[in-house]
Amino acid sequence: MIIDQEKLEEYYAKPPEDVSLRDVDLSRVPRHVSIIMDGNGRWAQARGLSRPEGHVAGVDSLREAVTTSVRLGVDVLSCYAFSTENWKRPQSEVDLLMHLFATTLVRELPLFHQENVRLRFFGDLSALPKETFDVFQQGLDETADHTGMTFVLAVNYGSRAEIARAAREVAQEVERGSLRADDVDEGLLASRLYTEGLPDPDLLIRTSGELRLSNYLLWQLAYTEFYVTDLYWPDFDRWEYLRAVRAFQSRRRRFGGVEAK
Ligand code: FPP
C-alpha cells in the first residue's frame, strides 16, 4: 500500500516521550494487523460509567485504528467485535451492541469512501438483527469497488464454528463427487474460511492484558506475532499502535525454520 508521507508525519506530530514515527521502519509495516478489542466494560467501570458508555467510547478507538492503519499503509485491518459466545451477554447489552454496529457503520461510511477502504466481515451474519444485517450489506455493496485497505469486522464469529463450517462444505463436495478426499489440503481448507484470499495476520494486538485467543482465527494465527497491551480498548490510540508495530519489527520471524529471510 502506498504511504502518504506528508499526511503521516502530520498525523504523528507531537509524539509522547517513549515512541515516535522514527521508531518504525515504514518499509516493513505488517500487511495484516488484527485486533482483539477488549476492556470496554472495565474501562467504563473504572470511571463509574455504564458498560454501554464503554462500548460507545470504544467506537472512537476503532475509528483511530482504521485511520492509523490507512496512514501506515497496512493492507488489511481486522477487528474482533462480537463472538459466537457474546450472545450469552445480557440481552440489553447484545441489543445495544447490534444497534451500535449499525449506527456506527452508517456514520463511518463517508470515511470509508474518503479513504478508499473496502469493507468485509468474518462470521455468520444471517443470525444478526435485520437492521444490522441490512446496514452491513449496504456497507459491503457501497465499498465493493474500493481498492485501498480492507477493513474486516468479525461479528458473530467463532473460529471453531468457522473451521467446522469449512469441513462440512468440503465433506459435502466429496459426497457429491465434485471433490476427491485426496485433494483436501491446507490450501483447499483455507479457501473455505472467511479469510479466503487474505494474507494471514502478521500482527495480533490484544488490549486489556488478557493472554488468550478467545476462539479467534485459530487457523490463521499459526505464525502471527502477538502484542498484548494493558490498555483498555477505549484508551488504545495511534501511539499504542506504533508501539505494537515497533515490537513487531523487533521480532525475528522464522516460521518454524532457522532464520527469516
Ligand atoms: C470488549 O469489551 C469489546 C467488545 C465486546 C466488542 C465491541 C466493540 C466495540 C463496541 C468497539 C466499536 C466497534 C464497532 C464495530 C462499532 P468488553 O465488553 O469485553 O470489556 P470487558 O472485558 O471489560 O467487560
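Treat the numbers as computed from the prediction; the structure is a model and nothing was measured.

**Student:** How do you make sense of the overall build of the protein when you look at a structure like this?
**Tutor:** What the protein contains, in helices and strands, is eight helices and six strands. Start at the N end of the protein and walk to the C end: the helices and strands fall as α-β-α-α-β-α-β-α-β-α-α-β-β-α. Projected onto its principal axes, the C-alpha coordinates of the protein cover approximately 60 × 50 × 35 Å. Per-residue burial over the protein gives 51% buried out of 261 residues. Nonlocal contacts in the protein, meaning residues at least 24 apart in sequence, comprise 77% of its contacts between residues at least 6 apart. Looking at the protein as shown, the accessible area adds up to about 13400 Å², and 50% of this sits on carbon and sulfur atoms. Charge separation in the protein, taken as the distance between the mean sites of 32 positive and 42 negative side-chain charges, equals 3 Å.

**Student:** For this particular structure, what's the right way to read the sheet that holds strand 2 (residues 76-83)?
**Tutor:** Where strands meet in a sheet, backbone hydrogen bonds hold them as pairs that are either parallel or antiparallel. The strand order across the open sheet formed by six strands is 3-4-2-1-5-6, and the pairing between neighbours is parallel. Two strands in the sheet have a free side with no partner beyond their single neighbour: strand 3 (118-122) and strand 6 (225-228). With direction set aside, neighbouring strand axes in the sheet form an average angle of 20 degrees. As paired strands, strand 1 (residues 32-36) and strand 2 are joined by five bridges and run parallel to one another. Paired with Val33 across the bridge in strand 2 is Leu77. Helix 5 (residues 130-143) contacts strand 3 and strand 4 (150-157) of the sheet and is inclined by roughly 140 degrees relative to strand 3. The sheet contacts of helix 8 (residues 238-250) involve strand 1, strand 2, strand 5 (203-206) and strand 6, and relative to strand 6 the element is tilted by about 145 degrees.

**Student:** Looking at this structure, how should I read the pattern of salt bridges?
**Tutor:** Oppositely charged side chains can pair when the atoms bearing their charge come close. The tally for this structure, following the rule as stated, stands at 22 salt bridges. Ionic pairing is found between Arg192 and Glu173, a salt bridge with its closest N-O pair at 2.3 Å. In this pair, Arg192 is assigned in the loop between helix 7 (186-190) and strand 5 and Glu173 in helix 6 (residues 159-176), connecting sequence segments 19 residues apart. Look at Arg192 and you get buried, because its relative accessible area is 17%. Residue class for Glu173 comes out buried when judged on its relative accessible area of 13%.

**Student:** Just to check I follow, could you spell out helix 5 for this structure?
**Tutor:** Every α-helix winds through 3.6 residues per turn, so residues three or four apart in the chain are directed the same way. Over its 14 residues, helix 5 extends 20 Å from the first C-alpha to the last, a length consistent with the 20 Å expected when each residue adds 1.5 Å. Those residues of helix 5 that are buried lie in contact with helix 4 (91-114), strand 3 and strand 4.

**Student:** It is not clear to me how the site of the ligand should be interpreted in this structure. Could you clarify?
**Tutor:** Taken together, 18 residues form the shell around the ligand, and within it Gly41, Arg42, Arg51, Ala81 and Arg89 come nearest. Gly41 places a main-chain nitrogen or oxygen 3.0 Å from an oxygen atom of the ligand. One of the backbone N or O atoms of Arg42 is found 2.7 Å from an oxygen atom in the ligand. Those elements that provide at least two residues to the shell around the ligand are helix 2 (40-46), helix 3 (51-72) and helix 4. Element by element, the count of residues in the shell around the ligand is highest for helix 3, at five residues. In terms of residue class, the shell around the ligand is made up of eight nonpolar, six polar and four charged.

Rules used in this analysis
- Residues numbered from 1 in each chain as written.
- Predicted model: local features only at pLDDT ≥ 70, side-chain atom pairs only at ≥ 80, totals over all residues.
- Heavy atoms only, no water.
- Helix = DSSP H or I, 4+ residues; strand = E, 2+ residues; numbered from the N terminus.
- Buried < 20%, exposed > 50% of the residue type's maximum accessible area, 1.4 Å probe, protein only.
- Contact = heavy atoms within 4.5 Å.
- Areas by Shrake-Rupley, 256 points an atom, 1.4 Å probe, with all protein chains shown as cover.
- Lys, Arg positive; Asp, Glu negative; His and termini not counted.
- Charge placed at Lys NZ, Arg CZ, Asp CG, Glu CD.
- Pairing = 2+ DSSP bridges.
- Axes fitted to C-alpha atoms, helices over the stretch in contact; angles between N-to-C directions.
- Salt bridge = Lys/Arg side-chain N within 4 Å of Asp/Glu carboxyl O.
- Expected span 1.5 Å × (residues − 1).
- Near = heavy atom within 4 Å.
- Polar contact = N/O pair within 3.5 Å; in protein donor to acceptor, adjacent residues only side chain to side chain.
- Nonpolar A, V, L, I, M, F, W, Y, C, P; charged D, E, K, R; others polar.

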